[in-house]
Amino acid sequence: ETGVTQTPRHLVMGMTNKKSLKCEQHLGHNAMYWYKQSAKKPLELMFVYSLEERVENNSVPSRFSPECPNSSHLFLHLHTLQPEDSALYLCASSQVSMGFPGELFFGEGSRLTVL
Amino acid sequence: DAKTTQPNSMESNEEEPVHLPCNHSTISGTDYIHWYRQLPSQGPEYVIHGLTSNVNNRMASLAIAEDRKSSTLILHRATLRDAAVYYCILRDWSQGAQKLVFGQGTRLTINP
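Conventions adopted
Residues numbered from 1 in each chain as written. Chains lettered and ligands numbered in written order. Predicted model: local features only at pLDDT ≥ 70, side-chain atom pairs only at ≥ 80, totals over all residues. Heavy atoms only, no water. Contact = heavy atoms within 4.5 Å. Buried area = accessible area lost by both parts, 1.4 Å probe. Salt bridge = Lys/Arg side-chain N within 4 Å of Asp/Glu carboxyl O. Polar contact = N/O pair within 3.5 Å; in protein donor to acceptor, adjacent residues only side chain to side chain. Helix = DSSP H or I, 4+ residues; strand = E, 2+ residues; numbered from the N terminus. Nonpolar A, V, L, I, M, F, W, Y, C, P; charged D, E, K, R; others polar. Pairing = 2+ DSSP bridges. Axes fitted to C-alpha atoms, helices over the stretch in contact; angles between N-to-C directions. Buried < 20%, exposed > 50% of the residue type's maximum accessible area, 1.4 Å probe, protein only. Phe/Tyr/Trp six-rings, centres within 6.5 Å; stacked < 30°, edge-to-face > 60°.

Novice: Describe the interface of chain B and chain A, listing the residues and the values that go with them.
Specialist: Every contact between the two is made by 20 residues of chain B and, on the other side, 26 residues of chain A. Of the roughly 1,800 Å² buried between chain B and chain A, counting both surfaces, carbon and sulfur atoms make up 58%. The tally of links from chain B across to chain A stands at 0 salt bridges. Taken together, chain B and chain A are joined by 3 residue pairs in polar contact (both at pLDDT 80 or more). If you list the elements that add at least two residues to the side of chain B that touches chain A, you get β3 (31-38) and β8 (84-92) of chain B. When residues in the side of chain B that touches chain A are grouped by element, the largest group, 4 residues, is from β3 of chain B. Each residue belonging to the side of chain B that touches chain A can be placed in one class, and the counts come to 9 nonpolar, 9 polar and 2 charged.

Below, the structure written as structure tokens:
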């Protein structure tokens, strides 16, 4: 148990569906991250939120839309995805102190399959 | 971002020490060396980090070369639970270090 909880753990959706991934951290951290892990590829950083403000957007297509309503919750809204978007989506959190983010704590991930 | 180079895979035996190498010849003075590992069906977890001096914690030791162009993660007595992909990552302190950029890592297999 890392203190970062992701739901759902598994999601199957069609290309025209709208769905959301949810992440909640119970660690009191002030930064949250979305990573994507495709088969045979390294983890790719998608978005970073620090103090609820998006500070990093790694050229992610607009069909992925993040939302960070408070420092404990992070969402990834999904709309008109493609089959190549099938992957494991990992959420992480960290404590940013004096500009240094500290170690990242990851959730177990949401396995997304796009049909 | 400065790059790291790790072997794709390594194999060791249970209860023996394991030395996982990482080359980072373009490391800058403000780069910290971080290690994470990813167990099967889990997200990555932090292992250890250091700047210049060798570091020890309950999970592992980190040996950093004097010129900082390479480092070695040492698992003193491997168990089957240590089978994972191990990532060596450089993190630039001076730029706020928001990014944690993962490479391919080293897949460690532990034989019983």
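Now that the structure has been shown, we can carry on.
Novice: Report on the sheet that holds strand β9 (residues 106-111) of chain B, specifying residues and quantitative values.
Specialist: Residue and element names in this part refer to chain B. Read across the open sheet, the 5 strands follow the order β1-β9-β8-β3-β4; overall the sheet is mixed. Pairing within the sheet leaves two strands with one partner each, and these edge strands are β1 (9-13) and β4 (45-50). Looking at each pair of strands side by side, their axes are set apart by 25° on average, direction ignored. Where β1 and β9 come together, 5 bridges link them in parallel fashion. The residue of β9 that forms the bridge with Ser-9 is Arg-107.

Novice: Hey, could you go over the pairing of β8 of chain B for me, with residue numbers and the actual values?
Specialist: All names here are of chain B. Counted residue by residue, β8 has 9 buried out of 9 residues, so it is predominantly covered. Residues of β8 alternate between two faces, with Ala-84, Tyr-86, Cys-88, Leu-90 and Asp-92 on one and Val-85, Tyr-87, Ile-89 and Arg-91 on the opposite face, all of them buried. Note that β8 and β9 share 3 bridges and pair antiparallel. Across the sheet, residue Tyr-86 finds its bridge partner in β9, namely Thr-106.

Novice: How would you sum up the packing of aromatic side chains? Please name residues and give values.
Specialist: The relation between two aromatic rings is expressed through the spacing of the ring centres and the mutual angle of the planes. Throughout the structure, instances matching the rule amount to 8 aromatic pairs over all chains. Consider the rings of Phe-106 of chain A and Tyr-36 of chain B, whose centres lie 6.4 Å apart with planes at 85°: the pair is edge-to-face. Of this pair, Phe-106 of chain A sits in strand β10 (residues 105-106) while Tyr-36 of chain B sits in strand β3, placing the two residues on different chains. Accessibility assignment for this pair places Phe-106 of chain A and Tyr-36 of chain B in one class, buried.

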